[in-house]
Amino acid sequence: MPRGRYSLHDPYDGAPLGEEHFHCAPGAAGWRYTAQVNSAGGEHAGSIDLTIDHLGRPIRLEMHASGWQVRGAALDGVTWVRSDPAGAEAHEGNAPAHAFTGQSPSFLVATARLLALRPGEAGKRVRLVALTPPVLAPRTVEQAWLLRDTAVHETDSGPLTVENYEVRDLEAGEAHEVHIAGDVVLSAPGVELETLESPPSVFAEPA
């Protein structure tokens, strides 16, 4: 049951954006990730609670940031409700997409789980609803994921298998690398794993 801290920064200029203190674990539903987000100045800036099923589909998402709240799940594509800071209005949205994405590293783990790529096979395209900071504004994006290779590293707690992905933004044409071990992101644009109190969990293969 990994627990740790990610640092978040602007992927282009390196400016610090804050930290995400997380806890995640496989469970009966699939996999759950919870985190509290702090700003670069150390103030509380939001939270995330994401549960995916064994196939990587979002069955429950709740996010808070800048007073805004989004609750969503996979339903007729993906469906969500976004509430304003005062709580006076709530707006429902729906898109023919596979899952959600956003600033949190949890979405990278969830998308990798959803695509279930194998080394050597062709990459896959995926349509996602991105909840963009600072106010969780939704927009649809398309990405292409390719699992370039896996590497096994010896650690004090045993062998650690790292999956090395190439992720391409199909609108901007930009590609970047994402490195994932089990249910923990080791590095990605704008993300660095700073502390980890226990080894990553290993996902069981779907029956």
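Before going into details, it helps to say that this report is about the structure given with it. In this text, all values refer to a predicted model and were calculated from it rather than measured experimentally.

Re empty space enclosed by the protein
Line of reasoning, step 1. What the rule picks out here adds up to one cavity of 30 Å³ or more.
Line of reasoning, step 2. Taken as a whole, the largest cavity spans an internal volume of roughly 40 Å³.
Line of reasoning, step 3. L50, I52, P58, A99, F100, F107 and A110 together form the lining of the largest cavity.
Line of reasoning, step 4. Across the lining of the largest cavity, the residue classes break down as seven nonpolar, no polar and no charged.

Concerning the pattern of salt bridges
Line of reasoning, step 1. Scanning the model with the defined rule gives ten salt bridges in all.
Line of reasoning, step 2. Among the ionic pairs, R32 bridges to D49, the shortest N-O distance being 2.6 Å. With R32 in strand β3 (residues 31-39) and D49 in strand β4 (residues 44-52), this residue pair connects regions lying 17 residues apart in the sequence.
Line of reasoning, step 3. A salt bridge links E142 to R125, with the nearest nitrogen and oxygen atoms 2.9 Å apart. One end of the pair, E142, is in strand β11 (residues 137-155); the other, R125, is in strand β10 (residues 124-132), with 17 residues separating them in the sequence.
Line of reasoning, step 4. By sharing partners, the salt bridges in this structure join R32, D49, R60, E62 and R71 into a single network.

A short note on the nonpolar core
Line of reasoning, step 1. Counting residues in each nonpolar core, the largest one holds 45 residues, and the members touching the most others are W145 and Y165.
Line of reasoning, step 2. For W145, the contacting residues outside a window of four places in its chain are L108, T111, A112, L115, L117, G123, K124, V126, Y165, E166 and V167.

Some points on the layout of surface pockets
Line of reasoning, step 1. Roughly 880 Å³ of volume is contained in the largest pocket.
Line of reasoning, step 2. Around the largest pocket sit 29 residues that line it, and P11, Y12, G102, H176 and P189 are the ones nearest its centre.
Line of reasoning, step 3. Elements that contribute at least two residues to the lining of the largest pocket include exactly β1 (3-9), β9 (99-102), β10, β11, β12 (158-169) and β13 (175-181).
Line of reasoning, step 4. When its residues are assigned to classes, the lining of the largest pocket shows 15 nonpolar, nine polar and five charged.
Line of reasoning, step 5. As a volume, the second largest pocket reaches approximately 620 Å³.

What counts and what doesn't
- Residues numbered from 1 in each chain as written.
- Predicted model: local features only at pLDDT ≥ 70, side-chain atom pairs only at ≥ 80, totals over all residues.
- Heavy atoms only, no water.
- 1 Å grid on protein atoms, 1.4 Å probe; cavity = no way out; pocket = protein on both sides within 12 Å on 5 of 7 lines; lining within 4 Å.
- Points joined across faces, edges and corners; volume = space filled by probe spheres on them.
- Nonpolar A, V, L, I, M, F, W, Y, C, P; charged D, E, K, R; others polar.
- Salt bridge = Lys/Arg side-chain N within 4 Å of Asp/Glu carboxyl O.
- Helix = DSSP H or I, 4+ residues; strand = E, 2+ residues; numbered from the N terminus.
- Core = buried A, V, L, I, M, F, W, Y, C linked by side-chain atoms within 4.5 Å.
- Buried < 20%, exposed > 50% of the residue type's maximum accessible area, 1.4 Å probe, protein only.
- Contact = heavy atoms within 4.5 Å.

Worth remembering: the numbers are spatial, not functional.
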